[in-house]
Amino acid sequence: MLGLVLLYVGAVLFCNGIWLLGLIQDREIAIINIFVGIVGLIVVVIELATSSGTLTTSKLAVIQGGAFTLLFVFTYLWIAYNRFFRIDGSGLGWYSLFVCLTAIPTAVITLRHAHGVAAQVWLGADWIAWAVLWGLYFLLLARPIQWTGITKITGALTVAEGIGTGWILGYLLLNGNLHL
């Protein structure tokens, strides 16, 4: 199900980047964030419900995958909430710092266990990219800095990461061109 989730992560990141660049309205961006948040949540619930009941290595991997997916799910639902209720996003910014700090060791562990498998190396690199992106969201939302270009840089990077970390990898996994 990783391909399915990544495809929609790509879509929501792409659209959120376009929104940060001022091309989509606040309330309009909420709908894709809600949709992708719900899709991710459903995938996590299905994966957890259908995995074996005993705590095996594969069950632990499903729990780990669910936990990491929920980092994204909660981000997207929080963005939607902030847009509907016109909240400044400082709480989301601090949450983004938490996720950034979680993504760094996740990247290291993913790359350490990749053993040259292309999709796993790509996923490890994605975690590095996502750590940078969530770090920028922290700076943008929780620690508003006086640098006016941060919104445009964050928007452009969000678009690029939507394509490079989500859409392409998700599409290749869904079509069987890459395997984990």
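None of the values given here were measured: they were computed from a predicted structure. (Residues numbered from 1 in each chain as written. Predicted model: local features only at pLDDT ≥ 70, side-chain atom pairs only at ≥ 80, totals over all residues. Heavy atoms only, no water.)

1. Observations regarding the packing of helix H1 (residues 2–20) against helix H2 (residues 26–50)
To be explicit about the condition: Between N-to-C directions, angles span 0 to 180 degrees; the directions come from axes that are lines fitted to C-alpha atoms, helices contributing only their stretch in contact. Helix and strand labels come from DSSP, where a helix needs a run of H or I of at least four residues and a strand needs a run of E of at least two; each type is numbered from the N terminus. Any angle that falls under 35 degrees is termed roughly parallel, while one over 145 is termed roughly antiparallel, one within 65 to 115 roughly perpendicular, and all others oblique. Here is the rule for handedness: rotate from the far helix to the near one, and if that takes an anticlockwise turn smaller than a right angle the crossing is left-handed, while a clockwise turn gives right-handed. Contact definition: two residues touch when any of their heavy atoms are within 4.5 Å. When residues are grouped by polarity, Ala, Val, Leu, Ile, Met, Phe, Trp, Tyr, Cys and Pro land in nonpolar, Asp, Glu, Lys and Arg in charged, and all others, Gly among them, in polar.
At their nearest, the axes of H1 and H2 sit 10 Å apart, and the two run at 165° to each other. The angle between the axes of H1 and H2 places the two elements in the roughly antiparallel class. When you trace H1 past H2, the crossing you get is left-handed. Two secondary-structure elements touch here, H1 through Leu4, Val5, Tyr8, Val9, Ala11, Val12, Cys15, Asn16 and Trp19 and H2 through Asp26, Ile29, Ile32, Asn33, Phe35, Val36, Val39 and Val43. Here the residues of the contact of H1 with H2 sort into 14 nonpolar, two polar and one charged.

2. Brief notes about the packing of aromatic side chains
To be explicit about the condition: For Phe, Tyr and Trp, rings pair up if their centres lie within 6.5 Å, where Trp contributes its six-membered ring, and each pair is then called stacked (planes under 30 degrees apart), edge-to-face (over 60) or tilted (otherwise). Remark: exposure states derive from per-residue accessible area (1.4 Å probe, protein chains only) relative to the maximum for the residue type, with buried under 20%, exposed over 50%, and partly exposed in between.
Throughout the structure, instances matching the rule amount to 13 aromatic pairs. When the centroid spacing of 4.8 Å and the interplanar angle of 45° are considered together, the rings of Tyr81 and Phe85 count as tilted. Residue Tyr81 and its partner Phe85 are both found in helix H3 (residues 57–85); the two are separated by four residues, about one turn of the helix. A residue is classified by how much of its surface remains accessible, and Tyr81, at 43% relative accessible area, is partly exposed. Taking the relative accessible area as the measure of exposure, Phe85 reaches 55% and is therefore exposed. Feature note: the residues Phe68, Phe72, Tyr76, Trp127, Trp130 and Trp134 constitute an aromatic cluster, connected by ring pairs.

That's the geometry; what it means functionally is another story.
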